[in-house]
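Next come the chains, spelled out residue by residue.
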Amino acid sequence: MEKQISNYLIRYKWIVTIILASLSTIVMCKLNVLKTYDFLTWMLFFILNIFFYKIDIFNSKYYKNSLFFSILFSFLFILGRLVFLNYQKINVDILSLFLSLKSLFYIIGVSSFLFPIFMLVIPFLCSYEMELQIDKKHRKIYIFLGSSIIIFLAYIPYFLSMYPGTISPDSYTNIDFAFGNLKNLSDHHTILYQLITFIPLKLGMFVFNDINAAVACSSLFQMLLMSIIFASSLVFLDNRNVPYKVLIIVLLYYAFAPVHGYYSVTMWKDILFSCSIVLLIMQLIKVIENKNVFNKKVMISFFFVSLLVIFLRNNAIYMYIILMMFTVLLFKDMWKKILIFILSIFMVFVFIKGPIFDMFNVQKSSSAEYIGMPLQQIGRMVSKDVQLTTHQEKLINELIPLETLKETYNPKLSDGIKFNKKFNIDVFNKNKLEYAKLWMELVLTYPHIAVESYLVSTIGYWYPDFEYWTVYHRVVKNKDYDIHQKSLIGENNIFTKLDNKKLPIVNMQWSIAFGFWILLIFAYVSKKRKGWIGVYPFIPIFGIWLTMMLASPVFGEFRYIYALYTSLPILIVFTFLPKTNV
């Protein structure tokens with residue numbers, strides 16, 4: 001039956017082509033992507049007809065997967081569009097808007113546009129063979145030094161434009177740590193990152209006796225570390241005989257993609273954490289290459305890189321747990337050695353986070369950090385004036401007054417609630433089970449609002465047209481430190497404008513979801529080419545994305561998933577490495 005339908009569709013392919021092109025064009029006009037009465041729209045319609053007709057859209061090998069991706073991305077795009085346009089309208093029922101024939105028509109139209117594209121792209125990616133340069137000479141030192149210097153020099157204009165660097169309120173924790181204000185030592189911004197910035201800050205102050213020069217030294221040090229890590233990935237790829245033209249593309253990406261330049265001079269733990277993920281992914285590829293042998297040298301380096309990752313960001317431990325679960329499943333033959341390795345990592349983690357931190361009176365991260373999503377869901381329910389029982393009102397009022405909750409609820413982020421002066425975290429800590437029951441009761445009573453709140457709270461991680469700030473351009477003033485930003489190459493230069501979302505092509509890098517969609521496609525292609533072992537290096541990014549989807553404090557903050565963009569080149573190249581190499 002399926003074969004008969006396929007033959008029938010092939011016979012009347014020209015009709016199918018016209019239908020797909022028509023649906024695509026009509027929906028893009030309805031979504032205001034195209035104008036209805038416009039020459040370019042008409043031309044696009046005819047181009048789509050030709051394009052779709054030339055593509056083998058009935059290739060049975062990739063038909064189902066292409067259809068799956070086209071429907072999935074269309075579903076997310078239409079749903080995300082409705083959420084993004086209405087998230088601040090408390091009285092609008094977003095799910096009701098989505099569950100309509102109009103939305104279904106839009107999904108079909110966008111799918112009609114995406115399906116032929118996937119039928120072209122996926123077979124190409126699955127069959128493409130990268131021609132390795134087996135006979136080339138590996139000059140590691142030249143590639144490493146040359147790449148490091150080029151990348152570092154490419155970041156200099158950002159440094160000069162935003163001298164001495166970018167300082168947000170979060171950054172002052174590191175400055176306090178370096179200059180002796182240690183009364184409230186906290187791991188909220190991770191002790192490891194504070195130790196990393198301690199050296200250049202101290203050295204800069206010692207040499208120049210100026211706080212701005214000290215911050216500049218910290219910026220230069222971070223630029224250097226990023227350059228070294230990115231250059232190391234180029235050496236890593238060169239050792240696997242990746243062609244020079246590919247290495248050059250990767251080098252240009254790390255050197256000249258504005259996101260790396262901006263973040264190279266920003267004092268956030270997320271930056272070096274995201275770079276450490278590149279090191280972790282290289283270790284995972286090495287583990288795959290030695291999958292039949294427990295290579296001690298590889299596992300030792302894997303051990304220390306793992307510690308670096310989980311101590312640079314607090315929620316990285318959840319990503320790492322997911323990674324270790326996959327490690328056990330994929331390397332069953334070595335499960336005993338793998339288990340010892342995992343236990344060693346977690347023993348070190350618990351020992352340092354426990355007795356060592358207690359010894360130095362280091363404050364742990366507040367439990368409020370992990371309940372942002374439930375707080376947002378309850379906040380949206382209260383803002384919509386849902387009916388609460390007397391007991392439910394009492395519990396919420398003990399945590400935070402209902403009126404305060406309603407006033408401070410912000411669909412974009414949970415900080416207004418969990419860091420409010422009237423929010424009593426001690427009450428929550430003493431009655432966690434009671435508040436878990438409260439949350440469950442409200443979710444079951446008002447599931448549509450709970451789902452709506454969840455979609456709003458995570459929209460930036462799955463909807464590509466989402467807009468929110470991505471980079472910090474300034475120094476936030478602090479009464480204890482006279483840090484001021486000034487451009488050494490003139491105001492309003494091009495390096496202060498490259499994060500503009502209106503810049504075509506360049507603006508693709510600022511979309512979290514667009515990058516994630518690309519990653520998803522390449523993970524699928526890698527699985528098709530290598531089996532499940534091909535997905536293994538992608539797991540850290542999927543793990544980070546999942547932690548954001550479960551407990552993101554902001555509805556789409558780029559720095560939290562910057563690791564996606566630091567790792568994308570090496571993951572894409574890995575996809576096309578021959579199976580014999582892995």
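Sequence positions are assigned chain by chain, starting from 1 and proceeding in written order. Restriction of local features to residues with pLDDT of at least 70 applies here, the model being predicted, together with a cutoff of 80 or more for giving and counting side-chain atom pairs; totals for whole chains, interfaces and linings are based on all residues. The basis for the side-chain values is all heavy atoms of the structure; hydrogens and waters are excluded.

Caption draft 1: A look at the overall build of the chain. Only runs of H or I of at least four residues qualify as helices and only runs of E of at least two qualify as strands under DSSP, and these elements are numbered from the N terminus. What the chain contains, in helices and strands, is 26 helices and zero strands. Compactness check: the chain gives a C-alpha radius of gyration of 26 Å against a globular reference of 25 Å for 582 residues, within 12% of the reference. Principal-axis analysis of the C-alpha atoms places the extent of the chain at approximately 80 × 75 × 60 Å. Categorising residues by exposure relies on relative accessible area from a 1.4 Å probe, with only protein chains included: less than 20% of the type maximum marks a residue as buried, more than 50% marks it as exposed, and the intermediate range marks it as partly exposed. Residue burial in the chain is summarised as follows: out of 582 residues, 54% are buried. Residues are treated as being in contact if the distance between any of their heavy atoms lies within 4.5 Å. The contacts in the chain between residues at least 6 apart in sequence include a share of 81% that link residues at least 24 apart. Values of the radius of gyration come from C-alpha atoms, whereas the globule rule sets the reference at 2.2 Å times the count of residues to the power 0.38.

Caption draft 2: Layout of the packing of helix H13 (residues 269-289) against helix H25 (residues 539-551). Only the contacting stretch of a helix is used when fitting its axis, a line to C-alpha atoms as for every element, and angles between N-to-C directions run 0 to 180 degrees. Interhelical geometry of H13 versus H25 gives an angle of 140 degrees and a closest axis separation of 9 Å. For the element pair H13 / H25, the angle class is oblique. Residues Phe273, Ile277, Leu280, Ile281 and Leu284 of H13 pack against Pro540, Ile541 and Ile544 of H25. Its residues assigned to classes, the contact of H13 with H25 comprises eight nonpolar, no polar and no charged. When describing relative orientation, an angle under 35 degrees is termed roughly parallel and one over 145 degrees roughly antiparallel, while 65 to 115 degrees is termed roughly perpendicular and anything else oblique. When residues are grouped by polarity, Ala, Val, Leu, Ile, Met, Phe, Trp, Tyr, Cys and Pro land in nonpolar, Asp, Glu, Lys and Arg in charged, and all others, Gly among them, in polar.

Caption draft 3: The arrangement of the environment of Ser487 in detail. Examined against the element boundaries, Ser487 turns out to sit in the loop between helix H23 (447-458) and helix H24 (512-530). Overall, Ser487 belongs to the buried group, its relative accessible area being 17%. C-alpha of Ser487 to C-alpha of Gly515: the two residues are 28 residues apart in sequence and 31 Å apart in space. Not counting the four nearest positions on each side in its chain, Ser487 is found in contact with Leu160, Ser161 and Asn493. Distance and chemistry together define a polar contact, namely a pair of N or O atoms within 3.5 Å, with one atom able to donate a hydrogen and the other to accept it when in protein, and with adjacent residues in sequence counting only for side-chain atoms on both sides. From its side chain, Ser487 meets the backbone nitrogen of Ile489 in a polar contact 3.2 Å long. A polar contact is formed between the side chain of Ser487 and the backbone oxygen of Gly490, at a distance of 2.7 Å.

Caption draft 4: View of the nonpolar core. By convention a nonpolar core is built from buried Ala, Val, Leu, Ile, Met, Phe, Trp, Tyr and Cys residues, the set being connected through side-chain atoms within 4.5 Å. Formed by 155 residues in total, the largest nonpolar core has its most connected members in Ile175, Ile277 and Phe302. At 13 residues, H13 tops the list of elements feeding residues into this core. When near neighbours in sequence (up to four residues on either side) are disregarded, Ile175 contacts Ile167, Leu201, Ile211, Val215, Met267, Tyr481 and Ile483. Within the second largest apolar cluster, 26 residues are counted, among which are Leu402, Val427, Leu442 and Ile449.

Caption draft 5: Region of interest: the state of the cysteines. When two cysteine sulfur atoms lie within 2.5 Å, the pair is treated as a disulfide. Across all of its chains, the model carries zero disulfides by this definition. Of all cysteine sulfurs, the one in Cys275 lies closest to Cys217, which takes part in no disulfide; the gap is 19 Å.

Caption draft 6: Layout of H23. An ideal rise of 1.5 Å per residue puts 16 Å on 12 residues; H23 measures up with 17 Å between its terminal C-alpha atoms. What H23 keeps buried is the set Ile449, Ala450, Glu452, Ser453, Leu455, Val456, Ser457 and Thr458. A helix is expected to span 1.5 Å multiplied by its residue count minus one.

Caption draft 7: Highlighting the packing of aromatic side chains. Two aromatic rings from Phe, Tyr or Trp, using only the six-membered ring of Trp, form a pair when their centres are within 6.5 Å; if the ring planes differ by under 30 degrees the pair is stacked, by over 60 it is edge-to-face, and anything between is tilted. Applying the stated rule across the entire model yields 50 aromatic pairs. A ring pair is formed by Phe311 and Phe349, whose centres lie 5.5 Å apart and whose planes are at 40 degrees; its orientation type is tilted. Residue Phe311 is located in helix H14 (residues 296-312), and its partner Phe349 is located in helix H16 (residues 335-359); the two are separated by 38 residues in the primary sequence. As far as burial versus exposure is concerned, Phe311 and Phe349 are alike and both buried. Lysine and arginine charges are scored as sitting over a ring when NZ or CZ, respectively, is within 6 Å of the ring centre and within 35 degrees of the ring normal. Between the NZ or CZ atom of Arg240 and the centre of the ring of Phe236, over which it lies, the distance is 3.7 Å.

Caption draft 8: Fine view of helix H2 (residues 13-30). Taking 1.5 Å of rise per residue, the 18 residues of H2 would be expected to cover 26 Å, and the 26 Å separating its terminal C-alpha atoms lies within 8% of that figure. Of the residues making up H2, those classed as buried are Lys13, Val16, Thr17, Leu20, Ala21, Leu23, Ser24, Thr25, Val27, Met28 and Cys29. Asn32 sits one or two positions beyond H2 and adopts a positive phi of about 65 degrees.

Caption draft 9: Representation of empty space enclosed by the protein in the model. A cavity here means a set of points on a 1 Å grid, drawn over the protein atoms and nothing else, where a 1.4 Å probe fits but cannot get out; a pocket is an open set with protein on both sides within 12 Å along at least five of seven lines, and a residue lines either one if it has an atom within 4 Å of a point. Grid points are joined across faces, edges and corners, and a volume is the space filled by probe spheres set on the points. Counted according to the given criterion, the structure contains seven cavities of 30 Å³ or more. Along its surface, the largest cavity is lined by 15 residues, and Phe466, Thr470, Trp510, Ile512 and Gly556 are the ones closest to its centre. Considering only residue class, the lining of the largest cavity consists of nine nonpolar, four polar and two charged. There is about 60 Å³ of room inside the second largest cavity. As for the second largest cavity, its lining consists of Leu375, Ile378, Ile396, Leu399, Ile400, Leu405, Ile417, Tyr435 and Leu438. Of all the secondary-structure elements, those providing two or more residues to the lining of the second largest cavity are helix H17 (372-383), helix H18 (390-399) and helix H22 (432-445).

Caption draft 10: Just the side chain of Gln283, in detail. You can see Gln283 is positioned in helix H13. If sequence neighbours within four positions are ignored, Gln283 has contacts with Val298, Ser301, Phe302 and Val305.

Caption draft 11: Main features of the layout of surface pockets. Here the largest pocket defines a volume of roughly 970 Å³. What lines the largest pocket is a set of 29 residues, among which Phe77, Pro464, Asp465, Phe514 and Trp517 lie closest to the centre. Of all the secondary structure elements, the ones that give two or more residues to the lining of the largest pocket are helix H4 (60-86), helix H6 (101-127) and H24. For the lining of the largest pocket, the element with the most residues is H6, which contributes eight residues.

Caption draft 12: How the structure looks around the environment of Phe311. Phe311 sits in the buried class, given a relative accessible area of 12%. Note: C-alpha distance between Phe311 and Phe349 (38 residues apart in sequence) is 8.0 Å. Apart from residues no more than four positions distant in its own chain, Phe311 is found in contact with Thr190, Leu192, Val348, Phe349, Ile352 and Lys353.

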